[in-house]
Every structure is written in structure tokens, then in C-alpha cells.
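# Structure at a glance
Take a look at the letters that make up each chain.
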Amino acid sequence: SRTGGGVCILVKRSLKLDIIKLAEGDEAEFVAIKLCDLKNTLVIFAHYGPQPYMGSDIVNECVKEIGYEVEQSIKSGADILWCGDQNIWIGDRIRGNNDRVTRAGKMLIDIIDNNKLEIVNNRCRRTTTYKDVNSGVERALDIILTNKGELIKKIEIDEIPRGDNQ
């Protein structure tokens, strides 16, 4: 029932893996795929979090929904990579971030802590991905999480030229 927008995950054809669509959100705008070979399972989540103006109940429900899927994947023994424009404020859990934490941000922090997820943004020289053009305040709204850090060889966040996410 949504119009416009959306999320997707592209997978290189040359990868010799079984690819299964694992889940997609009802309220939350996300898709998850499971990549399997004989030894390993990787679940990739692509997520676009609802805008705050949609109301905290919707934002919180979306965090719960995708959080549940992430936790189920980890419990099944999968490695996970969760990427997206979360639109959630998690404060100083990301180095250099604005210190404000929303209720949904606290929920996300609990998911991170309970599942021992790494916030991959913290590996970058620049960690924030959004700058409010009116106040100049920078925030990390685009967040990359994993339970297996060695999956990520290199990551970099571009400079923010204007009030847009990168």
C-alpha cells in the first residue's frame, strides 16, 4: 500500500550462492535476503526507517519489527549485515554524533547491545551522514550494523556537501 520509494539489495551474478528472500516489512520498509554457501549464511537487511513526522508509534513499531527479524537470524546462526537510513537518533553510540537519543533510538541501542552488533560507522574518519542546514547539527541517520566485523574490509562515509543524507 506504499507509494514511491523502496529498498533493494543487488547481488553480483558471479557469486555462487543460494539466495533466498527471507523477509520484508509490514510496517517497516525493509527487505532481507539470505545468502548461503556450504559453510556460511549471511543475512543482509536493507532498511529505510520512517520519518519522525509519521509519529513515534510507527517509528517504534518499525524498530521492533526489523529488530525481531535480525534477532531471529542471529539465533539461527547467521552472520548479519544491517544497512540503512534508519532515521533514528542513537546519540553518542556513534562517535561524533549529536548526543540526543529518541525512544526508538533506545530500542535500537538495546538490539545492538543484546546481539553484540558492531556499529560499523565508528570505523570511519567521518561518522555522521546528515547535517541540518538550519542548525548545523550533524547526525548519523544512516547506520551499518553487523555481528561479524571481519565481513567488512573497507568503509568510508563521504563529506556532507549540503543538508542531504549521503
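So, here is what we can say about the structure in this document.

Conventions used here
- Throughout this description, residue numbers start from 1 for each chain and increase along the sequence as written.
- For this predicted model, a pLDDT threshold of at least 70 governs which residues receive local features, and a threshold of 80 or more governs which side-chain atom pairs are given and counted, while totals over whole chains, interfaces and linings are taken from all residues.
- Think of the side-chain values as coming from all heavy atoms in the structure, minus any hydrogens and water.
- Labels follow the DSSP assignment, with helices taken as runs of H or I lasting at least four residues and strands as runs of E lasting at least two, numbered in each case from the N terminus.
- In what follows, residue pairs with any heavy atoms lying within 4.5 Å of each other are defined as contacts.
- Under the scheme applied here, a residue whose accessible area is under 20% of the maximum for its type counts as buried, over 50% as exposed, and between as partly exposed, the area being computed with a 1.4 Å probe on protein chains only.
- One fewer than the residue count of a helix, multiplied by 1.5 Å, yields its expected span.
- Salt bridges are defined as contacts in which a side-chain nitrogen from Lys or Arg sits within 4 Å of a carboxyl oxygen from Asp or Glu.
- Side-chain atoms within 4.5 Å link the members of a nonpolar core, which is a set of buried Ala, Val, Leu, Ile, Met, Phe, Trp, Tyr and Cys residues.
- In this scheme, strands are said to pair when DSSP sees at least two bridges between them.
- The handedness rule is simple: strands pointing away from the viewer, and a clockwise path from the first strand over the helix to the second, make the crossover right-handed.

### Things to note about the environment of I80
Assignment of secondary structure puts I80 in strand 4 (residues 79–85). Those residues in contact with I80 that sit more than four places away from it in its chain are L42, V43, F45, V70, S73, I74, L117, L145, T146, N147 and L151.

### Topic: the environment of G84
For G84, the position within the fold is in strand 4. Relative accessible area serves as the criterion here: at 18%, G84 is assigned to the buried category. Separated by 46 residues in sequence, G84 and Y130 place their C-alpha atoms 13 Å apart. With near-sequence residues (within four places) excluded, G84 lies in contact with H47, L141, D142 and I143.

### Brief notes about helix 1 (residues 56–75)
The end-to-end C-alpha distance of helix 1, which contains 20 residues, comes to 28 Å, matching closely the 28 Å that a straight helix rising 1.5 Å per residue would cover. Taken as a whole, helix 1 has its buried residues at V59, N60, C62, V63, E65, I66, G67, V70, S73 and I74. One or two positions beyond helix 1, positive phi appears at G77, with a value near 95°.

### A word on the pattern of salt bridges
According to the stated counting rule, one finds 7 salt bridges in the structure shown. Between K64 and E61 there is a salt bridge, with the nearest N and O atoms lying 4.0 Å from each other. Here K64 and its partner E61 are both found in helix 1, 3 residues apart, which amounts to about one turn of the helix.

### As for the nonpolar core
Core analysis: the biggest nonpolar cluster contains 29 residues, and F45, I80, W82, I90, L108, L117 and L145 have the highest contact counts within it. Elements with a minimum of two residues in this core: strand 2 (29–36), strand 3 (41–48), helix 1, strand 4, helix 2 (103–114) and strand 8 (142–146). For L108, the contacting residues outside a window of four places in its chain are V63, W82, I88, I90, I143 and L145. L35, I44, L81 and V120 belong to the second-largest nonpolar core, a separate cluster that totals 6 residues.

### Some remarks on the pairing of strand 4
Extensive coverage of strand 4 is indicated by the burial of 6 of its 7 residues. Pairing between strand 3 and strand 4: 7 bridges, direction parallel. Bridging across to strand 4, L42 finds its partner in D79. Read from strand 3 through helix 1 to strand 4, the crossover connection turns out right-handed. Of the strand pairs in this sheet, strand 4 and strand 8 are connected by 5 bridges, and their pairing is antiparallel.

The values are spatial; any link to function lies outside them.
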